[in-house]
Amino acid sequence: DKFRNRIMIPIQDVRNRVIAFGGRVLDDSKPKYINSPENIVYSKGRNLFGLNVAKRNVTGTLKRILIVEGYMDAISLYQRGITNVVASLGTALTDNQGRLLRRNAEQVILGYDADGAGQTAIVRGMGILQSMGVDIRVLQISGAKDPDEFVVKYGADRFRKCMDDAISVVEYKVKNLKQSLNIDNVNDRIKFLNEIAKTLADIDN
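Because the structure is predicted, anything quoted here is derived from the model rather than measured.

Scoring rules and cut-offs
- Residues numbered from 1 in each chain as written.
- Predicted model: local features only at pLDDT ≥ 70, side-chain atom pairs only at ≥ 80, totals over all residues.
- Heavy atoms only, no water.
- Helix = DSSP H or I, 4+ residues; strand = E, 2+ residues; numbered from the N terminus.
- Buried < 20%, exposed > 50% of the residue type's maximum accessible area, 1.4 Å probe, protein only.
- Contact = heavy atoms within 4.5 Å.
- Patch = residues over 30% accessible without salt bridge, like charges linked within 9 Å, V, L, I, M, F, W, Y side chains within 5 Å.
- Areas by Shrake-Rupley, 256 points an atom, 1.4 Å probe, with all protein chains shown as cover.
- Salt bridge = Lys/Arg side-chain N within 4 Å of Asp/Glu carboxyl O.
- Axes fitted to C-alpha atoms, helices over the stretch in contact; angles between N-to-C directions.
- Parallel < 35°, antiparallel > 145°, perpendicular 65-115°, else oblique.
- Nonpolar A, V, L, I, M, F, W, Y, C, P; charged D, E, K, R; others polar.

(A) The arrangement of the environment of Tyr-42 in detail. Note on placement: Tyr-42 falls in the loop between strand 3 (33-35) and strand 4 (48-49). Accessibility expressed as a relative area gives 2% for Tyr-42, which makes it buried. A C-alpha to C-alpha distance of 5.7 Å links Tyr-42 and Ile-19, two positions 23 residues apart in sequence. Residues within four places of Tyr-42 in sequence aside, it is in contact with Ile-11, Ile-19, Ala-20, Ser-36, Pro-37, Asn-47 and Leu-89.

(B) Helix 2 (residues 71-79), seen in detail. Among the residues making up helix 2, those that are buried are Tyr-71, Asp-73, Ala-74, Ser-76 and Leu-77. Following helix 2 by one or two positions, Gly-81 has its phi on the positive side, about 95°.

(C) Region of interest: a nonpolar patch on the surface. Nonpolar side chains collect at one region of the surface, where Met-8, Val-18 and Phe-21 lie side by side and expose about 250 Å² of accessible area between them. Mapped onto the elements of the fold, Phe-21 is located in strand 2 (residues 18-25). Take Phe-21: its relative accessible area is 39%, and that puts it in the partly exposed class.

(D) Focus on the packing of helix 5 (residues 147-154) against helix 6 (residues 156-164). Remark: helix 5 packs on helix 6, axes separated minimally by 7 Å, with the N-to-C direction vectors making an angle of 130°. Compared by their axis directions, helix 5 and helix 6 come out oblique. Note on element contacts: helix 6 touches helix 5 through Ala-156, Arg-158, Phe-159 and Cys-162, opposite Pro-147, Phe-150, Val-151 and Tyr-154. When grouped by side-chain class, the residues that make up the contact of helix 5 with helix 6 number seven nonpolar, no polar and one charged.

Purely geometric numbers; function is a separate question.
Set out below in structure tokens:
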């Protein structure tokens, strides 16, 4: 009964086995999403929605995967031809999910939402993937709150351009620092330079 008036999404593991279901309401009722409970077969922290399909579309010289927050984002992008996309089943990337990404791609683009939770998820994802030696990029979109809204408004070609232009970890940290500090202020400028020095010091290559 709790799945009434919801669209049902099968959640498959990397071997194409259905391990759970996700439900999204078709009206304004709450909660908006409801998923199968975790059990011995299904653990959201050990799986990535759509990886079973995306791994077949990670081709070419640059093997990259885009990771987004929700399965509706991934489905919307896939319908419009962005086929190398997966979704974390929850906003926080786990070590197990990071290892799945590392095994299937050389470059991972973090495409989380622009809200506070999404930005927190980006920082966490960076920490996990950097320790695994993954080339991390951060998707930059404007005029939309998330990848789903962007690709519906502006189309797949413009979205692919955003993927190509996704920024590095250093660029992302510099951008965020600039937004949080007043560079015209001497004290803020010193803080900015100190923080950037720390960021650069963490780079091995």
